[in-house]
Amino acid sequence: MNAKDFANAVSAFADSSVDVDLQKGELVAQIRDEIVTAQITTNEGQIQVSEDGGESTSAYRWLTNRVARLPLLADRLLSAIPEETNFVDPEGSLLSQDLETARIDETESNRASNQIIEFLDRGLLGVSKVLYLTSDAGEGKSTLINHMARVQASRYKKGEANWLIVPIHLGGRPFMALDDVVAADLTNRFRFLMYYDAFTELVKMDAIVPALDGFEEVFLETGSGEAVSALGNLINRLHGSGRVLIAARRAYFEVRSFASQARMFDSIGEDAGAVFARVALRRWDKDRFLAYASKAGVPDERELYDLVERRLGADHPLLTRAVLVKKLVIEAKEGEPNSLVGRLGTKPEDYFYEFVGAIIEREAHAKWIDRSARDTAASPLLSIQEHHGLLASVALEMWNTQSHALRYDYLDMLADLFCTEHKKDASTTRQVKERLHQHSLLTTAEGSARKLTFDHEDFREFYLGEAMGREIEGSGITSLSTLLGVAMLPERTCDAAVAFLKRKEKDYLKYVDKLSEIGKSSLTTSFEKENAGALAIRILDGLQLDSYSISGNAFPNGVMANRKLKGINFFECSFNSQDFTGARISSCVFHSCDFVRLDIPSTKVAYDSSMQDCRVDAVFEPDSDATFFSPGDIRGKVEKIGFSFSNVLDKGQSCPEDVEPDERVEIAIQALRAFMRATHLNQSVFKLRLGQAYGFFESSVLPALIKQGVVREIDYRGSGVQRRYKLTIPMKNIEPAIKHGDDWDEFIRVLNNGE
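By convention here, each chain's residues receive numbers from 1 onward along its written sequence. A pLDDT threshold of at least 70 governs which residues receive local features in this predicted model, and a stricter bar of 80 or more applies before side-chain atom pairs are shown or counted, although totals over entire chains, interfaces and linings include all residues. Excluding hydrogens and water, the side-chain figures rest on all heavy atoms present in the structure.

**A look at the overall build of the protein**
When helices and strands are tallied, the protein shows 31 helices and 35 strands. Residue exposure (1.4 Å probe, protein chains only): buried if accessible area is under 20% of the type maximum, exposed if over 50%, otherwise partly exposed. For the protein, buried positions account for 54% of its 755 residues. The contact definition used throughout considers only heavy atoms, calling two residues in contact when any of these lie within 4.5 Å. Sequence separation of 24 or more characterises 60% of the internal contacts of the protein that already satisfy a separation of 6 or more. The helix and strand labels rest on DSSP assignments: H or I over at least four residues marks a helix, E over at least two residues marks a strand, and numbering proceeds from the N terminus.

In structure tokens, the structure reads:
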């Protein structure tokens, strides 16, 4: 740390930048209303600080202990984050790239927490490390982050570690800037006052690692791009230093297209290098289930496991997803596991509804008992269906307010309204309000003792689906359209809404008619249009229809995967990127429809079905990891999976022959894909990625890319002799440029200028 860095660090903690005076070896600063004076010296090139003539200490230690008060932050982390007494460390798989050797390694570990801490413990000179922690929802990301934060805080207090993990919960706060979220969590959750500038300074000094939990909720569900640009801005502030941990769902990290990550990479500045790695959590196996059940006090954990396995199979989510295992264990301890598992086994495809129903049934009959009349037998305050309705109203209010937590007084108001609607007397209403605060599916929100949230997002999204199903069933088009226009519905919510409707009656098409009317009349870019399409396609899934028409609707990403559609005519509909894997499309017609992209599986999916006068912008073939844009290629790939096909781009012209791609473009695309995992790349990365084609790349393609300003050479930092390169064009330009795979000049033009 040089004198300039030291002065900048002190200024970040000062009440104002003008409150810092450093000259002639004397420091005077006002920090948290305290005047700090110190003597600054150097020893063997290292800055030393002493106060009031006391013992000198290193600038790093003085900043972290005296100014930043990290020992106090460690105490606050331990007091604010509850210990998970039944914690079970999941398996993890680390995917990372060695910048020196360019090797991409995947390392398995039985203890993911150790794997993550060891990886973060190794800093890299000149680049910021961004580690994604990925898994599907409910597999323990948040629990693991909290556990590691406690472990590091304990080690820090003992002098065994010199950095802390600080969890920052992003879920439910999609419209707050990252600096506001950090300040809110530090102040409200950890009772620790720190400016955002000081926070980022400590990240640069490798003294803290922010763990951004719920990152994908902001990016994937709102689509606003705010979280992505916020991460890019954070990386810019770090100037090629520091480490960041991001908890994200598996789908966020595993993207195929440049466009999906362009907004973040394009926001990273010239001098802010970053390298990206991933730890993927594995689902629990039998040993972890047994370990958790044993710690939780289940009398015979093996008997419980065998009971569920015989009925539902070893891969069932009740045995492999941590959040459901936790609830299963509670039910097994307090109820009768045989009847619970038997109930789940009657409809395996609807297991989540049955599982939640078992929890609600015990809640209604064992806890929500009317005890106001002593001379009469105790009776449930609410029926099972009323319980579902009450929690659905809570989830719906969270949806309308775009918050994952509600204040106690807000919940009291919802309970009042619910009881009034259901004609409950004053005594029952009072008890419902009291019991709602202690409901087994609700818990205190992090950072606020006066707010309640659902115990897990699975339950919130399930009950939002129940609420949406009720609204589709009973509300008018205007009211339903308003609800669908709030934001994009989670997939689990859409599934739960349709499951609710299909449990009610068999006349499903009237619901499709209502949703189709909303989709047809909504603006092209509105949430309600895509939400209506997502719900409608799920209702149509599995129906054996002779001829049903839907027109002018829009369907969001991925809704066609695993769908079984028969006898449906789609007219002038628009489809975002679609994956036909696992689908079976029978006797269906897509007429004058637009497809942004089709992911083509290796097997036939369409039978007696056609795409007539449709526009397909691109086809992606996962087996070859290739994207096709020419009309001839698109027609061939679509017909390969069973459709008869005519592309609107072919109108008035014969189908062109497949154009031979330019070898330079193909090699350039392979090289540019490497920038999706790091902002700066060594020469050895290209050698490993291109193999035998590297010679041609080095002699012909790379010089052309440098000359045209696509990449540029930067200073190499590391051992040995290598060259190092940085992408200088916006990453968002790469996806449209790929369309010109047969024309090098046009490919370069679009790379530089966009379309």
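**Regarding helix 15 (residues 322-334)**
When the terminal C-alpha atoms of helix 15 are compared, their 19 Å separation across 13 residues agrees well with the 18 Å that a helix rising 1.5 Å per residue should span. Inspection of helix 15 places Ala 322, Val 323, Leu 324, Val 325, Lys 327, Leu 328, Val 329, Glu 331 and Ala 332 among the buried residues, and these make up the whole buried set. What a helix should span is 1.5 Å times the count of its residues minus one.

**Topic: the packing of aromatic side chains**
Under the pairing criterion, centres of Phe, Tyr and Trp rings, with the six-membered ring standing for Trp, must be within 6.5 Å; the plane angle then separates stacked pairs below 30 degrees from edge-to-face pairs above 60, leaving the rest tilted. Within the structure shown, the criterion is met by 23 aromatic pairs. Here the aromatic rings of Phe 555 and Phe 575 are separated by 4.8 Å at their centres, their planes lie at 20°, and the arrangement is stacked. Of the two residues, Phe 555 is situated in strand 19 (residues 554-555) and Phe 575 in strand 22 (residues 574-575); the sequence distance between them amounts to 20 residues. Every member of this aromatic cluster is reached through a ring pair, and the members are Phe 555, Phe 570, Phe 575, Phe 580, Phe 590, Phe 595 and Phe 643. By definition here, charges over rings are those cases where NZ of Lys or CZ of Arg is within 6 Å of the ring centre and within 35 degrees of the ring normal. Taking the ring centre of Phe 119 as reference, the NZ or CZ of Lys 129 above it sits at 3.7 Å.

**A closer look at the confidence of the model for the protein**
pLDDT is defined as a per-residue confidence score from the predictor, taking values between 0 and 100. Of the residues in the protein, 88% have a pLDDT of 70 or more, and the chain-wide mean is 84. pLDDT under 50 marks residues 217-225. Its contacts with residues more than four places away, or in other chains, come to 28 contacts. Under a pLDDT of 50 for its full length, residues 649-658 has, in the predicted model, 14 contacts with residues more than four places off or in other chains.

**Remarks on the packing of helix 12 (residues 286-295) against helix 15**
Between helix 12 and helix 15, whose axes approach to 10 Å, the crossing angle comes to 45°. Here helix 15 runs oblique to helix 12, going by the angle between their axes. Every pair of crossing elements has a handedness; the one defined by helix 12 and helix 15 is right-handed. Contacts from Phe 289, Tyr 292 and Ala 293 of helix 12 reach helix 15 at Val 325, Lys 326, Leu 328 and Val 329. Following the grouping adopted for this structure description, the nonpolar residues are Ala, Val, Leu, Ile, Met, Phe, Trp, Tyr, Cys and Pro, the charged ones are Asp, Glu, Lys and Arg, and the polar ones are all others, Gly among them. Residue composition of the contact of helix 12 with helix 15, grouped by class: six nonpolar, no polar and one charged. Axis definition: a line fit to C-alpha positions, over the contact stretch in the case of helices; interaxial angles, taken between N-to-C directions, run 0 to 180 degrees. Roughly parallel refers to an angle under 35 degrees, roughly antiparallel to one over 145, roughly perpendicular to one between 65 and 115, and oblique to any angle outside these ranges. Here a crossing is taken to be left-handed if its near helix is turned anticlockwise relative to the far helix by less than a right angle, and right-handed if that turn runs clockwise.

**Examining helix 2 (residues 59-67)**
Of the residues making up helix 2, those classed as buried are Ala 59, Trp 62, Leu 63, Thr 64 and Val 67. Just downstream of helix 2, Arg 69 is the residue with a positive phi angle, here 60°.

**A few points about the nonpolar core**
In this structure, Tyr 463, Phe 570, Phe 580, Phe 590 and Met 611 are the most contacted members of the largest nonpolar core, which totals 119 residues. The contacts of Met 611, once residues within four sequence positions are left out, are Phe 580, Phe 590, Phe 595, Leu 598, Val 638, Phe 643, Ser 644, Phe 645 and Ser 646. Here the nonpolar core consists of buried residues drawn from Ala, Val, Leu, Ile, Met, Phe, Trp, Tyr and Cys, with membership extended through side-chain atoms lying within 4.5 Å.

**Structural notes on the environment of Arg 664**
Here Arg 664 is to be found in helix 27 (residues 663-673). Residues Arg 664 and Phe 696, 32 residues apart in the sequence, show an inter-C-alpha distance of 8.6 Å. Look past the residues within four positions of Arg 664 in its chain and what remains in contact with it is Phe 696, Val 701 and Trp 744.

**Observations concerning unusual backbone geometry**
Unusually for a residue other than glycine, Arg 69 sits at a positive phi of about 60°. Here Arg 69 is to be found in the loop between helix 2 and helix 3 (70-80).

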